[in-house]
Amino acid sequence: MSNAIVQLLQPESVLLNCEFTSAEEVIKALGNKLFEAGFVKESFVGAAIEREKKLPTGLPLGGGINAAIPHTEIEHVIKPALGMATLKNEVNFKNMVLPDELVPVRLVFLLALEQPKAQVEMLQEVAGVLQNPKLVSDLLEKGSYKEIIETFEGA
Amino acid sequence: MDTPKRILVACGTAIATSTVVAKAIEEALKAKNINVTIRQCKAAEVKSLVGDADLVVTTTPVPSDLGVPVIQTLAFLTGIGREAVIEQIVEALKDK
């Protein structure tokens with residue numbers, strides 16, 4: 001039951017089993033996809049990277065696979081969307097609540113948020129995914145957008 | 001009903017994680033019959049808004065000298081330690 005995720009997840013911006021070496025690279029790759037698809041302004045990628053440096057979004061999760069949820073101010077967004085990347089190798093993000101600590105991440109949701117209240121369902125669903133270690137590890141094994149959507153729909 | 005307790009929920013941009021946290025706290029405390037009003041803000045705004053709050057719950061670092069209890073937690077995002085944090089919030093609001 002992840003309806004809002006399924007609705008907002010863009011086929012162009014689901015990158016699976018990819019190889020990146022830094023948080024910046026991941027945000028750039030996902031953000032550029034959302035830009036090319038018309039969901040965010042050109043300023044989004046730079047703003048999201050800058051924000052990640054100052055206010056990081058790495059989240060250590062219960063199942064041993066960790067996640068990050070980069071996002072930025074609503075002014076850089078044209079319409080709400082979600083990008084997602086599963087990473088072949090762990091990429092370090094900084095811990096949201098303890099920025100001096102590194103979190104090795106394999107699942108990234110890039111959030112393009114337009115208004116806080118309008119996206120509350122999607123945000124709650126993303127938190128629901130993060131709180132479900134089985135679902136997190138299932139997502140990492142999928143090789144196509146279709147499989148990812150089916151996994152969310154079946155969760 | 002008692003006067004609602006006032007909780008300031010902070011995160012980086014006041015749009016993403018604080019939305020999830022605010023909603024989760026509201027529901028958890030409602031289930032315990034604790035009446036709260038929740039305001040979301042950016043971490044950078046906490047200092048100027050804390051005067052109206054009984055408690056600050058934040059997912060990003062905030063100054064420590066705020067004069068009210070501060071709970072820094074990712075529990076409402078990751079689920080880890082969630083019940084313990086809810087107890088901590090209930091406890092912090094007790095004498096307010």
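Anyway, here's the lowdown on the structure attached to this text. If you're wondering where the values come from, they're calculated on a predicted model, not measured in any experiment.

A word on the overall build of chain A
- Within chain A, the secondary structure is distributed over 6 helices and 5 strands.
- Compactness check: chain A gives a C-alpha radius of gyration of 14 Å against a globular reference of 15 Å for 155 residues, within 12% of the reference.
- Relative to its 155 residues, chain A shows a buried fraction of 45%.

Quick word on the sheet that holds strand E3 (residues 66–68) of chain A
Residues and elements named next belong to chain A.
- In space, the 5 strands of this open sheet follow the order E1-E4-E5-E3-E2, with mixed pairing throughout. On the outer flanks of this sheet lie strand E1 (9–18) and strand E2 (58–59), each paired with one strand and no other.
- Here strand E4 (residues 81–94) pairs with strand E5 (residues 102–112) via 10 bridges, running antiparallel. Counted as the bridge partner of threonine 86 is leucine 107 from E5.
- Sitting on the sheet, helix H2 (residues 23–36) touches E1, E3, E4 and E5, and the angle it makes with E4 is about 165°.

Description of the interface of chain A and chain B
- Contact residues are listed per partner, giving 23 residues for chain A and 18 residues for chain B.
- The element that contributes the greatest number of residues to the side of chain A that touches chain B is helix H4 (residues 120–130) of chain A, accounting for 5 residues.
- Residue composition of the side of chain A that touches chain B, grouped by class: 16 nonpolar, 5 polar and 2 charged.

Concerning the environment of Ile69(A)
- Of note, Ile69(A) is situated in the loop between E3 and E4.
- Separated by 34 residues in sequence, Ile69(A) and Val103(A) place their C-alpha atoms 12 Å apart.
- Residues contacting Ile69(A), with those up to four places away along its chain left out, are Thr57(A), Leu59(A), Phe109(A), Leu111(A), Val126(A) and Ala16(B).

Concerning the pairing of strand E1 (residues 5–11) of chain B
All names here are of chain B.
- Counting buried positions along E1 gives 6 out of 7 residues, so the element sits mostly inside the fold.
- As paired elements, E1 and strand E2 (residues 36–42) share 7 bridges and run parallel to each other. Residue pairing for E2: valine 9 is matched across the bridge by glutamine 40.
- As a crossover connection, the stretch from E1 through helix H1 (residues 17–31) into E2 is right-handed.

Focus on the packing of H4(A) against H1(B)
- Close contact between H4(A) and H1(B) brings their axes to 9 Å; oriented N to C, the two are set at 85°. As far as their axial angle goes, H1(B) and H4(A) are roughly perpendicular. In this structure, H4(A) contributes Val120(A), Leu123(A), Gln124(A) and Ala127(A) to the contact, and H1(B) contributes Thr19(B), Val20(B) and Lys23(B).
- By residue class, the composition of the contact of H4(A) with H1(B) is 4 nonpolar, 2 polar and 1 charged.

Notes on the sheet that holds E1(B)
Residues and elements named next belong to chain B.
- One open sheet holds the 4 strands; their spatial order is E2-E1-E3-E4, and the pairing between them is parallel. Looking at strand neighbours, the two that pair on one side only are E2 and strand E4 (70–72), the edges of this open sheet. Geometrically, the sheet is characterised by an average inter-axis angle of 20° between neighbouring strands, direction not taken into account.
- Examined bridge by bridge, E1 and strand E3 (residues 55–58) share 4 bridges and lie parallel to one another. Residue pairing for E3: valine 9 is matched across the bridge by valine 57.

Calculation notes
- Residues numbered from 1 in each chain as written.
- Chains lettered and ligands numbered in written order.
- Predicted model: local features only at pLDDT ≥ 70, side-chain atom pairs only at ≥ 80, totals over all residues.
- Helix = DSSP H or I, 4+ residues; strand = E, 2+ residues; numbered from the N terminus.
- Rg over C-alpha atoms; globule rule 2.2 N^0.38 Å.
- Buried ≥ 20, exposed ≤ 12 C-beta atoms within 10 Å, placed from the backbone.
- Pairing = 2+ DSSP bridges.
- Contact = placed C-beta atoms within 7 Å.
- Axes fitted to C-alpha atoms, helices over the stretch in contact; angles between N-to-C directions.
- Nonpolar A, V, L, I, M, F, W, Y, C, P; charged D, E, K, R; others polar.
- Right-handed = clockwise from strand over helix to strand, strands pointing away.
- Parallel < 35°, antiparallel > 145°, perpendicular 65-115°, else oblique.

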